[in-house]
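# Close look at the chain arrangement
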Amino acid sequence: MSRNQSMTVLNPATLNVADHIDETPIYHISNMYELSQAASLKWREQSVKKRLTYIQELKKIMMARLDDVVEVLSADTGKVKVEAVTADVLPVLDAISFLEKHAAKTLATHRVHTPVTFFGKKSYIEYMARGTVLVISPWNYPLQLAMVPMMNALIAGNAVILKPSEVTPLVGKCIEELFEQAKFPKGLVQVAHGGKEVGAALTRGKPDYIFFTGSVATGKKIQEEAAKELIPVTLELGGKDPIIVCGDANLDRAAKGAAWGAFTNSGQVCMSSERIYVEQSVYDEFIEKFKNETLKLKQGTDTDDDMGSMTFPGQIDIIKGQLEEALAGGARLITGIKPHEWDLSEGLFLPPTIVVGVHQKMKLMQEETFGPVAAVMPFQTDEEAIELANDSIYGLNASVWSKDIKKAKRIVSKLVTGNAVINDVMISAANQHLPFGGVKQSGMGKYHGKQGLRVFCHEKSVMLDNGKKKSELQWYPYHNKYPKIRAFLKRMFWKKISKLADPHKTEK
Ligand code: NAD
């Protein structure tokens, strides 16, 4: 018998070895799919109400093990506990509340209008579970970005296979235990541990749906593989989010918001405020306030600390490369130190770093940094700010700061982004009622809200005739039917057409 490969787990904040986790052997994956498909056939027969009881059991277990779950999250990622509980555990609990309140109605069969042209018929839409959903998740919010799509897929009637990130395997193990403790039916929820080879093998295993959260590069590979079988995918990918601070913004609030937006989770957030555009008239004042807010931040592993460590050592070289290129091109540090002075000997702590003197073509303004670095640039007019914000391959989230709400809304309407926030950062992603997802290379598809549930179903449109009539107008034989159909169309549509507005007349 071949032995499983083992992954060594480091605590990134202390660099101590925390544990070893066995990888799932690739040869085991076909068994996982067989088990999953069998389990999904039984599970889809359960009512949504019954499925919810399992999720509620999961909630009870999570609440009972809250401190332990937070401890695992913090040790595996290096994030501080306040962030583990607010940004990883809370969204899972919120998602459960959303499902409890809305799942049954959202997934229920519902009637829709049938035009008079189909007199005597009825129309409805029903939602049918897809089968096995493969969830592949990243390391930055390893609990919520795995559990929220998993729970939505389950409540929609599917079985789930999770491939958690190999960078945070203890959280993957913890998720597996939570589902085991909630005693979901055998084979319904399975976790495959390991790296990209395991992820790739799972993708090739022909799931019925793939929900992927991670980098653009991996997202493209997954879509390419999925396309071979036309497997539908949701891709939640990277970002390079802009924040626009207008001259009339509440600058104290904007500076505090920018500090949180740029440095929470050490900047390892897909919606991190990486590009900060500030109107020239308030630029110096904003920089001063932003600097003061940043200098207050305490880094460490204590419960009261503000910033934890980086999670993934590999990310540090990317951040270093972008910063060095910017500094060589004339950029200046307002806070933080030069990359060659970083001391990572006792933990992966990077200083919160504000950079000015940047220009739009620098990697720091174009590529995802995924670290505690905020680049700030002045702008002259709203149009220029919009142009700069849109000058990106990404379009995940954005934020606009102004006391003039009409103006802020006008700016938001012109941003090419999947999400936006006015006078705050990121929080649109935390509202389970708002669909979340990126545009351009930030991804495709949405989750959260009704779409977040229905995406895991085949949406089946049905028309029903009671079958009593002998024939239909459009059926054979066509003999002598053209004049009748023509007369019918004239009666139905002519009057309405004659009332339509002229497109060449200017609107008043
Ligand atoms: P990643 O793409 O390296 O890995 C994500 C997951 O994919 C991991 O589980 C990994 O093992 C797996 N994987 C890697 N190669 C694979 C392959 N060929 N086939 C199948 N699976 C494979 O991303 P990451 O470094 O873990 O996460 C950081 C990225 O995720 C950032 O770009 C960030 O912006 C993005 N992200 C996006 C969102 C969002 O909601 N849009 C949220 C969080 C993170």
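This write-up is about the structure you can find in this document. This structure is a prediction, so every number in the text was calculated from the model and none was measured.

### With respect to a nonpolar patch on the surface
A surface patch of nonpolar side chains, amounting to about 540 Å² of accessible area, comprises L489, F493, W494, I497 and L500. Note on placement: F493 falls in helix α16 (residues 482-498). Residue classification places F493 among the partly exposed positions, given a relative accessible area of 39%.

### A closer look at the nonpolar core
Residues L143, F179, F184, I276, F286, F290 and V376 are the most contacted members of the largest nonpolar core, which totals 93 residues. Excluding residues that lie within four positions of it along the chain, L143 makes contacts with M62, V69, L73, D88, V89, V92, V171 and I175. In terms of nonpolar packing, the next biggest core, distinct from the first, is built from 31 residues, I244, M365, A398 and L415 among them.

### Some words on the pairing of strand β8 (residues 209-213)
Taken residue by residue, a regular strand's side chains alternate between the two faces of the sheet. Taking burial as the measure, the 5 residues of β8 include 5 buried ones, the bulk of the element. Neither face of β8 is open: one carries Y209, F211 and T213, the other I210 and F212, and all of them are buried. Two strands pair when backbone bridges link them, and strand β5 (residues 132-136) and β8 are joined in this way by 4 bridges, in the parallel orientation. Residue pairing across strands places V135 opposite F211, the latter belonging to β8.

### Let's talk about the environment of G449
Tracing the backbone shows G449 in helix α15 (residues 449-454). Here G449 falls in the buried class, since its relative accessible area comes to 3%. C-alpha separation for the pair G449 and F436, spaced 13 residues apart in sequence, amounts to 8.2 Å. Setting aside anything within four residues of it in sequence, one finds G449 in contact with F98, Q432 and H433.

### Looking at the site of the ligand
In the vicinity of the ligand lie 30 residues, with K163, E166, S215, L237 and E368 positioned nearest. For the ligand, an oxygen atom lies 2.9 Å from a polar atom in the side chain of W139. In the environment of the ligand, a nitrogen atom lies 3.4 Å from a nitrogen or oxygen atom belonging to the backbone of A200. Relative to its unbound accessible area of 860 Å², the ligand is 91% covered by the protein chains. The set of elements that each furnish at least two residues to the shell around the ligand consists of α7 (196-204), β8 and α8 (216-227). Considering each element in turn, the shell around the ligand owes the most residues, 4 residues, to α7. Classifying every residue of the shell around the ligand gives 13 nonpolar, 11 polar and 6 charged.

### Remarks on the packing of aromatic side chains
According to the stated counting rule, one finds 13 aromatic pairs in the structure shown. Look at Y476 and Y478: their rings are 4.9 Å apart centre to centre, the planes differ by 55°, and that puts the pair in the tilted class. Side by side, Y476 and Y478 carry an identical accessibility label, which is exposed. Aromatic ring contacts, followed pair by pair, group Y209, F211, F436, Y447 and F456 into a single cluster. The ring of W494 carries the charged tip of K490 above its face, separated from the ring centre by 5.6 Å.

What counts, and where the lines are drawn
Residues numbered from 1 in each chain as written. Predicted model: local features only at pLDDT ≥ 70, side-chain atom pairs only at ≥ 80, totals over all residues. Heavy atoms only, no water. Patch = residues over 30% accessible without salt bridge, like charges linked within 9 Å, V, L, I, M, F, W, Y side chains within 5 Å. Areas by Shrake-Rupley, 256 points an atom, 1.4 Å probe, with all protein chains shown as cover. Salt bridge = Lys/Arg side-chain N within 4 Å of Asp/Glu carboxyl O. Helix = DSSP H or I, 4+ residues; strand = E, 2+ residues; numbered from the N terminus. Buried < 20%, exposed > 50% of the residue type's maximum accessible area, 1.4 Å probe, protein only. Core = buried A, V, L, I, M, F, W, Y, C linked by side-chain atoms within 4.5 Å. Contact = heavy atoms within 4.5 Å. Pairing = 2+ DSSP bridges. Near = heavy atom within 4 Å. Polar contact = N/O pair within 3.5 Å; in protein donor to acceptor, adjacent residues only side chain to side chain. Nonpolar A, V, L, I, M, F, W, Y, C, P; charged D, E, K, R; others polar. Phe/Tyr/Trp six-rings, centres within 6.5 Å; stacked < 30°, edge-to-face > 60°. Lys NZ or Arg CZ within 6 Å of the ring centre and 35° of its normal.

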